[in-house]
Amino acid sequence: MATEAMSMHLHPDIVELRAKHEKYELAAMEPAPQAVTGLMFLTGLYIAISAWVVGFTRYPALTVNNLIVGIALAVLSLGFASMYGRIHGIGWTAPLLGVWMIITPWVVSGDAAHTATIWSNVVAGVVALLLGLGSMALGMRRNRSNRPA
């Protein structure tokens, strides 16, 4: 015989966990995180199509790299936009993807370090790095401001 007092949704750990996730979801609804997430999504899309936009498809390793990294960044930003409370813990991957984009023209196979590839990847990488750090900072700021004294 289950009573309301025995119900699992009233367990103190479940209530605390739900409150924690709601805090992050409310933080993601603010204008600054929405702007960062939207810009990160657009940066990911640009990175994914940059080989065709800039015209360096003759470097297949760099083309595939940019496509994969761009899709990963776009999907990560969609995750931040839709369920930040659940995936904020992997937010550190966005700045790493930015750093990877910066060094990619020199480390992928083939001679891909040319003016167009360097400019495209370095600028997109710096933007991804800054947006990733911004996303992390917004999450940490929100986490610190809601801690009990």
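Residues numbered from 1 in each chain as written. Predicted model: local features only at pLDDT ≥ 70, side-chain atom pairs only at ≥ 80, totals over all residues. Heavy atoms only, no water.

> Would you take a moment to explain the overall build of the protein for this structure?
Looking only at helices and strands, one finds five helices and zero strands in the protein. Along the chain direction, N to C, the helices and strands of the protein fall in the order α-α-α-α-α. Per-residue burial for the protein yields a buried fraction of 35% across its 149 residues. Of all intrachain contacts in the protein linking residues separated by at least 6 positions in sequence, the fraction that spans at least 24 positions is 68%. Summed over all atoms, the accessible surface of the protein reaches about 8800 Å², with 71% contributed by carbon and sulfur. (Helix = DSSP H or I, 4+ residues; strand = E, 2+ residues; numbered from the N terminus. Buried < 20%, exposed > 50% of the residue type's maximum accessible area, 1.4 Å probe, protein only. Contact = heavy atoms within 4.5 Å. Areas by Shrake-Rupley, 256 points an atom, 1.4 Å probe, with all protein chains shown as cover.)

> Where do I start with helix α2 (residues 31–55) in this structure?
Because the α-helix completes a turn every 3.6 residues, residues three or four places apart line up on one side. Here α2 spans 35 Å end to end across 25 residues, near enough to the 36 Å set by a 1.5 Å rise per residue. Ile-49 marks the point of greatest bend in α2, at about 65°. (Expected span 1.5 Å × (residues − 1). Bend = angle between axes of the 7 residues up to and from the residue.)

> Even after reading the chapter, I still don't get the environment of Thr-57, so can you show me in this structure?
As for its placement among the helices and strands, Thr-57 is situated in the loop between α2 and α3 (60–87). In contact with Thr-57, not counting residues within four places along its chain, are Ala-51, Trp-52 and Thr-63.

> What am I meant to see in the environment of Ala-32 here?
Tracing the sequence through the fold places Ala-32 in helix α2. The exposure class assigned to Ala-32 is partly exposed, which follows from its relative accessible area of 39%.

> Before we go on, may I ask you to explain the environment of Ile-47 in this structure?
By the element assignment, Ile-47 lies in helix α2. With relative accessibility at 1%, the residue Ile-47 sits in the buried group. Put simply, Ile-47 and Val-69 are 22 residues apart on the chain and 7.2 Å apart in space, counted from C-alpha to C-alpha. Not counting chain neighbours up to four residues away, the residues in contact with Ile-47 comprise Asn-66, Leu-67, Val-69, Gly-70, Leu-73, Met-101 and Ala-124.

> Would you take a moment to explain a nonpolar patch on the surface for this structure?
Nonpolar side chains collect at one region of the surface, where Tyr-46, Ile-49, Trp-52, Val-53, Val-54, Leu-67, Ile-71 and Val-75 lie side by side and expose about 710 Å² of accessible area between them. Counting only elements with at least two residues in the nonpolar patch, the list comes to α2 and α3. Sorting elements by how many residues they give to the nonpolar patch places α2 first, with five residues. With respect to the helices, strands and loops of the structure, Trp-52 is situated in helix α2. (Patch = residues over 30% accessible without salt bridge, like charges linked within 9 Å, V, L, I, M, F, W, Y side chains within 5 Å. Salt bridge = Lys/Arg side-chain N within 4 Å of Asp/Glu carboxyl O.)

> I would appreciate a short explanation of the nonpolar core in the present structure.
Of all hydrophobic cores here, the largest spans 14 residues; its most connected members are Val-36, Met-40, Ile-47, Val-69, Leu-73 and Ala-94. By size, the runner-up hydrophobic cluster in this structure holds six residues, among which are Phe-56, Leu-62, Val-108 and Ala-112. (Core = buried A, V, L, I, M, F, W, Y, C linked by side-chain atoms within 4.5 Å.)

> What am I meant to see in the confidence of the model for the protein here?
Close reading of the predicted structure is inappropriate where its pLDDT is low. With 69% of its residues at a pLDDT of 70 or more, the protein shows a mean pLDDT of 81. Here helix α1 (residues 12–28) stands out as the element of the protein with the lowest mean pLDDT, 59, in contrast to helix α4 (residues 93–107), whose mean of 95 is the highest. (pLDDT = per-residue confidence, 0-100.)

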